[in-house]
Amino acid sequence: MFSLPPYASPIERVWRVALVVICALVLLFLIAPIIVIMPLSFNSEPYFTYPMPGLSMKWYADFFQDPRWLNALKVSTIVGLASTTLSMTLGTLAALGLSRSNFPYRAAVMAFLISPMIVPVVITAVGMYFFFANLGLNNTYFGIILAHTALATPFVVITVTATLTGFDQSLIRAGASLGASPMTVFRKVTFPLILPGMISGALFAFVTSFDEVVVVLFIASPDQRTLPKQMFSGIREQISPTITAAATMLVIAAGAMLVTVELLRRRSERLRGVSS
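Computed from a prediction, not measured in an experiment: that's the story for all the values here. (Residues numbered from 1 in each chain as written. Predicted model: local features only at pLDDT ≥ 70, side-chain atom pairs only at ≥ 80, totals over all residues. Heavy atoms only, no water.)

Peer 1: Hey, could you go over the overall build of the chain for me, with residue numbers and the actual values?
Peer 2: A tally of regular secondary structure across the chain gives 12 helices and zero strands. Listed N to C, the secondary structure of the chain is α-α-α-α-α-α-α-α-α-α-α-α in terms of helices and strands. On the principal axes, the C-alpha backbone points of the chain span a range of 70 × 65 × 30 Å. Put simply, 66% of the contacts in the chain that link residues at least 6 apart link residues at least 24 apart. Put simply, the chain shows about 16,200 Å² of open surface, and 72% of that area lies on carbon and sulfur atoms. For the chain, the centre of its 18 positive side-chain charges and the centre of its 11 negative side-chain charges are spaced 12 Å apart. (Helix = DSSP H or I, 4+ residues; strand = E, 2+ residues; numbered from the N terminus. Contact = heavy atoms within 4.5 Å. Areas by Shrake-Rupley, 256 points an atom, 1.4 Å probe, with all protein chains shown as cover. Lys, Arg positive; Asp, Glu negative; His and termini not counted. Charge placed at Lys NZ, Arg CZ, Asp CG, Glu CD.)

Written as C-alpha cells, this is what we have:
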C-alpha cells in the first residue's frame, strides 16, 4: 500500500513518508484511550492513576467471581447470539433480493434497511421505547433481541451485498439449465460463495449487539443487565477497576473479530477471483 516504484521522485518519497507519519499519528490518537485503560486493568491497587504500584490479576478474578458480572456476560452472550442469528437470516435474504437486477426501488429499500446505521442511536432508542411499549415488549428479553436485530441487520446486508457484487449470475443459470432446483443451486453454488460475507456480517452483528448500551437503557428493566449496561451502572454507582478488566476483554474480543473479518474478506476476494 505504501510502496513506491523505483522511479519515484524525491518529492514523492517525502510525501509518502509524511502520509505514513500522519496515518500513524491519527491511529495513535484513536487508540490512545484504549492503550491507557488496558494496563490499568492489571493494577494491584484500586486506583486509576500512573505509575502503578504493582501488577495483579485480581480484577479479572473479581470479574469471573462476581455473580453480577457473570450474569451480565451471560445475558449479553445470549442476546448477542439470538440477535445475530435473526439479523444474519434477515440480512442475507434482503441482500439476495437486492442483488437481483429487476428488484424495484432498490435504492430506496437499501436506504431504509441501513437507516439504523445513520440515525443517531438515541433517536432509535426513543422510537423503539414508544413502539415496544404499545406491543408490551419493554422490559423483556425478546424486546432487547428484536431491538438489537434491527441495529445489527444493516451490517449483514452491507457485507453480503458486497460479497454478491462480484457474483457471477451465470452460475445460477448454469445450475438451473442442468436441472438443479433453486434450493440446490443456492446450497451448492450461491451459499459457499457468500458464506465469508455472511460470517463477516454475523461477526459485526454480534459485536454491535454485545457492545450496545443506549437501547438497553431505554427498553430493559433494572434487572435485565447486559455487560455494557453493567459497566455503565458500575461507573455511576461504584467505580471499580473491574470495569477496566471488562473493557480490556471487550477490546481484545472485538480486535480478534476484526482480524477474522479481514481474513474472511480476503478469502471472499479469492473466491470471487476463482469464480470470475
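Peer 1: Explain the packing of aromatic side chains to me, using residue names and the numbers behind them.
Peer 2: We describe a pair of aromatic rings using the distance from one ring centre to the other and the angle between the two ring planes. A full pass over the atoms with the stated rule returns seven aromatic pairs. Here the aromatic rings of F63 and F64 are separated by 5.0 Å at their centres, their planes lie at 80°, and the arrangement is edge-to-face. According to the relative accessible area criterion, F64 is partly exposed, its value standing at 47%. Ring-pair connections join several aromatic residues into one group, and the members of that group are F63, F64 and W69. (Phe/Tyr/Trp six-rings, centres within 6.5 Å; stacked < 30°, edge-to-face > 60°. Buried < 20%, exposed > 50% of the residue type's maximum accessible area, 1.4 Å probe, protein only.)

Peer 1: Break down the side chain of Q230 for me, with residues and values.
Peer 2: Mapping Q230 onto the fold places it in helix α11 (residues 227-237). Residues within four places of Q230 in sequence aside, it is in contact with R68, W69, A72 and R225.

Peer 1: Which residues make up the environment of T161, and what values do they have?
Peer 2: Mapped onto the secondary structure, T161 falls in helix α7 (residues 141-165). Considered as a pair, T161 and M249 are 88 residues apart in the sequence and their alpha carbons are 31 Å apart. There is a polar contact of 2.5 Å between the side chain of T161 and the backbone oxygen of V157. (Polar contact = N/O pair within 3.5 Å; in protein donor to acceptor, adjacent residues only side chain to side chain.)

Peer 1: Account for the packing of helix α3 (residues 67-98) against α7, with residues named and values stated.
Peer 2: Geometrically, a packed helix pair is captured by the angle between its two axes and the distance between the axes. With their axes 6 Å apart at the nearest point, α3 and α7 run at an angle of 40° to one another. Comparing the axis directions of α3 and α7 gives the class oblique. For α3 against α7, the interelement crossing comes out right-handed. Residue classes in the contact of α3 with α7 are distributed as 18 nonpolar, eight polar and no charged. (Axes fitted to C-alpha atoms, helices over the stretch in contact; angles between N-to-C directions. Parallel < 35°, antiparallel > 145°, perpendicular 65-115°, else oblique. Left-handed = near helix turned anticlockwise from the far one by under 90°. Nonpolar A, V, L, I, M, F, W, Y, C, P; charged D, E, K, R; others polar.)

Peer 1: Please provide a residue-by-residue account of the environment of A61, values included.
Peer 2: Among the secondary structure elements, A61 is positioned in helix α2 (residues 58-65). Along the sequence, A61 and T242 sit 181 residues apart, while their C-alpha atoms lie 8.8 Å from each other.

Peer 1: Tell me what's going on with α2, and back it up with residues and numbers.
Peer 2: Listing the buried residues of α2 in full gives W59, Y60 and F63. Around the axis of α2, the buried residues are gathered within 105° of arc, so they sit on the same side. (Arc of directions from axis to C-beta.)

Peer 1: Would you mind going over unusual backbone geometry in detail, with residue names and values included?
Peer 2: The phi dihedral of Y105 is positive, around 55°, even though this residue is not glycine. Note on placement: Y105 falls in the loop between α3 and α4 (106-113). By relative accessible area, which is 71% here, Y105 ends up exposed. Residues other than glycine seldom take positive phi values, yet N139 does so here, at roughly 65°. Examined against the element boundaries, N139 turns out to sit in the loop between α6 (121-135) and α7. In this structure N139 comes out as partly exposed when scored by relative accessible area, which is 46%.

Peer 1: Summarise the side chain of K229; cite the residues concerned and give the values.
Peer 2: Structurally, K229 is set in helix α11. An unpaired buried charge is present at K229: no salt bridge exists, and D223, the closest side chain of opposite charge, is 8.1 Å distant. Sequence-distant contacts of K229, that is, excluding residues within four places in its chain, are made with V213, V216, L217, A220, S221, P222 and Q224. (Salt bridge = Lys/Arg side-chain N within 4 Å of Asp/Glu carboxyl O.)

Peer 1: Give me the pattern of salt bridges: which residues, what numbers.
Peer 2: In the structure shown here, the tally under the stated rule is one salt bridge. A salt bridge links D66 to R68; the shortest N-O distance between them is 3.0 Å. On the basis of relative accessibility, which here comes to 12%, the residue D66 falls in the buried class.

Peer 1: Give me the lowdown on the packing of α7 against helix α9 (residues 182-211), citing residues and values where you can.
Peer 2: The contact between α7 and α9 brings their axes to 8 Å, and the two run at 155°. Taken together, the axes of α7 and α9 are roughly antiparallel relative to one another. Crossing hand, α7 versus α9: right-handed. In contact with H148, L151, A152, F155, V156, T159, V160, T163 and L164 of α7, α9 contributes L193, I194, G197, M198, S200, G201, A202, F204, A205, T208 and S209. Its residues assigned to classes, the contact of α7 with α9 comprises 12 nonpolar, eight polar and no charged.

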